[in-house]
Amino acid sequence: MMSFSPGPSGLHGSNSIQEQRDRWERKRSRTAKELVQTEQRYCQQLQLLTTYFVEILKAKGTLRQDIRESIFSSIKAIHSVNQSLLVHLENGYFGRGFDQFCPYLHHYNMYADNIYNASKVLTIQVRKNKAFRRFKKLQEARPEFNGHKLEDLLQLPIQRIDQYKHFLQDLTANTSPDNPEFQQLSRAVSAVSEVSQRIENNTRRHENHLQLCRVQKLLKGRKTKVLAPGRWYIREGWLKMVPAKGAEAKPKMFFLFSDMLLQAKRCSPLHPTNGDKFEGQHAYPLQDCTVEKVFGHTRSQGGLLSLSFPKAKLLLMSSNQENLNDWYQTLSSAIGKLQSKQTVVYQRDELRRQPLHSDDHNTPTSRKRNMVGVSEHAQTVPLDMEGSAPKRMKQSDAPAQSSVEASSSSCVIL
């Protein structure tokens, strides 16, 4: 006889849901506990930093006020805000705690924007200021610091933002959407992620600046200018340059940037000061460049790339097929994004400049003005430049500035 009463399967389904909720609660409790413990430790370290460095340095006058602010930035404000957050976390009010904490994240933004300058100023003071160097060493030797250097402590707020992001994501994932804290935690994830992204962008800009400085130092003299606003380093490497009249292909060093391809040759190794450097020969702007592969010339050993510029043409060869493909992809990507950016800026420029009721927008003067607008803005850096070869960097958000020199559409002889 068939029964329609609830059977074991119904009970099993109910138990399964309860078990899932129990698992979420256990994960949430573990995350919450770890968050509180690490926040306690973080606040202790901020306390050490403000007490034994910021306050004592201010009292002793070892560093000028502007130098102190350059090194420590908004660390005292961060400490104050985090002390309030810790009280909420220790009482189990995670959603409310972060809801009140997030409006003060601008202190972290300020700190993140200054961190590389802080490191630079600190390095200079340690090198040049004997009294500060002695003071720093004395403070770092205190047992409370557990062997940590001031340089380590200054990185703590930057590292903590990334930790908050992961903690908040875990807490949100294991919090029921009907829980009042769910919306608060979700908002906090979004707010903290923005600061985390800002830190990542700052890091990439800093790394790009270091790459540009490195390449600039590789080039002899001051004739070849690599450092320019809005320019991003992509990659570098040796390629053989094929002459037009069948002479022997010669190896040249090429540096690829977001707006130009720089050709260089190695200086004589016998030169007393420039033996390990390169001499810049030509800077080819990518703005009006086209690139294509040339097949059937190298008998399956590598290949050729043909680069066409308004006033020059290059045939570049590599015996390594993978290397050649990599150059082709990075060049194509850089050119495409630069030209795409130029088109967008031109369209916006047209919309902005053309009057609604005027017949003079087609005059030569007006057209010239519009073209100048494009030239000035066309070199803004495209986002997220792909690339995975050695000696290569990704592009990120960059200042919307450009080098007029870099945007020229003719070959520059250096």
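Keep in mind that what you see is a predicted model, and the values were worked out from it rather than measured.

Cut-offs and rules
- Residues numbered from 1 in each chain as written.
- Predicted model: local features only at pLDDT ≥ 70, side-chain atom pairs only at ≥ 80, totals over all residues.
- Heavy atoms only, no water.
- Phe/Tyr/Trp six-rings, centres within 6.5 Å; stacked < 30°, edge-to-face > 60°.
- Helix = DSSP H or I, 4+ residues; strand = E, 2+ residues; numbered from the N terminus.
- Buried < 20%, exposed > 50% of the residue type's maximum accessible area, 1.4 Å probe, protein only.
- Lys NZ or Arg CZ within 6 Å of the ring centre and 35° of its normal.
- Salt bridge = Lys/Arg side-chain N within 4 Å of Asp/Glu carboxyl O.
- Expected span 1.5 Å × (residues − 1).
- Arc of directions from axis to C-beta.
- Pairing = 2+ DSSP bridges.

A.B. asks: Which residues make up the packing of aromatic side chains, and what are the values?
C.D. replies: One pass over the structure, following the stated rule, counts 11 aromatic pairs. Between tyrosine 284 and phenylalanine 309, the ring centres sit 4.8 Å apart and the planes meet at 25°, which makes this aromatic pair stacked. In this pair, tyrosine 284 is assigned in strand E4 (residues 278–285) and phenylalanine 309 in strand E6 (residues 303–309), connecting sequence segments 25 residues apart. Exposure remark for tyrosine 284: the relative accessible area of 4% places this residue in the buried category. Here the aromatic residues Tyr52, Phe53, Phe135 and Phe145 are joined through ring pairs into a cluster of three or more. Sitting over the ring of tryptophan 327, arginine 235 keeps its end group 4.1 Å from the ring centre.

A.B. asks: Can you explain the pattern of salt bridges? Please cite residues and give values.
C.D. replies: Counted according to the given criterion, the structure contains 13 salt bridges. The partner of glutamate 140 in a salt bridge is lysine 149, and the shortest N-O contact between them spans 3.8 Å. Owing to a relative accessible area of 9%, glutamate 140 belongs among the buried residues under this scheme. Taking relative accessible area as the criterion, lysine 149 reaches 42% and is therefore assigned partly exposed. In this structure, aspartate 326 engages arginine 235 in a salt bridge whose closest nitrogen and oxygen atoms are separated by 2.9 Å. Here aspartate 326, found in helix H10 (residues 321–353), pairs with arginine 235, found in strand E1 (residues 233–241); they are 91 residues apart in sequence, far enough to count as distant. A relative accessible area of 15% places aspartate 326 in the buried class. Residues participating in the shared-partner salt-bridge network are Lys136, Glu140, Lys149 and Glu151.

A.B. asks: A description of helix H3 (residues 75–90) should follow, citing residues and the corresponding values.
C.D. replies: The terminal C-alpha atoms of H3, which comprises 16 residues, lie 22 Å apart, in line with the 22 Å expected from a rise of 1.5 Å per residue. Inspection of H3 places Ile75, Ile78, His79, Val81, Asn82, Leu85, Leu86, His88 and Leu89 among the buried residues, and these make up the whole buried set. In the stretch just after H3, glycine 92 is the one whose phi turns positive, near 85°.

A.B. asks: Explain helix H2 (residues 65–72) to me, and be specific about the residues and the numbers.
C.D. replies: Among all positions of H2, only Ile67, Arg68, Ile71 and Phe72 are buried. The arc enclosing the buried residues of H2, seen along the axis, measures out at 115°, which places them on a common side. The positive-phi residue at the C-terminal boundary of H2 is serine 73, with phi of around 50°.

A.B. asks: Got a sec to walk through the pairing of strand E3 (residues 260–266)? Specific residues and values, please.
C.D. replies: Burial analysis of E3 places 5 of its 7 residues in the buried class, the great majority of the element. By the bridge criterion, 4 bridges tie strand E2 (residues 250–257) to E3 in an arrangement that is antiparallel. Looking across to E3, one finds that leucine 256 is bridged to leucine 261. Taken together, E2 and the strand that follows it, E3, pair antiparallel across an intervening segment of 2 residues. Two elements, E3 and E4, share 7 bridges in a ladder whose sense is antiparallel. If you follow leucine 262 over to E4, its bridge partner there is alanine 283.

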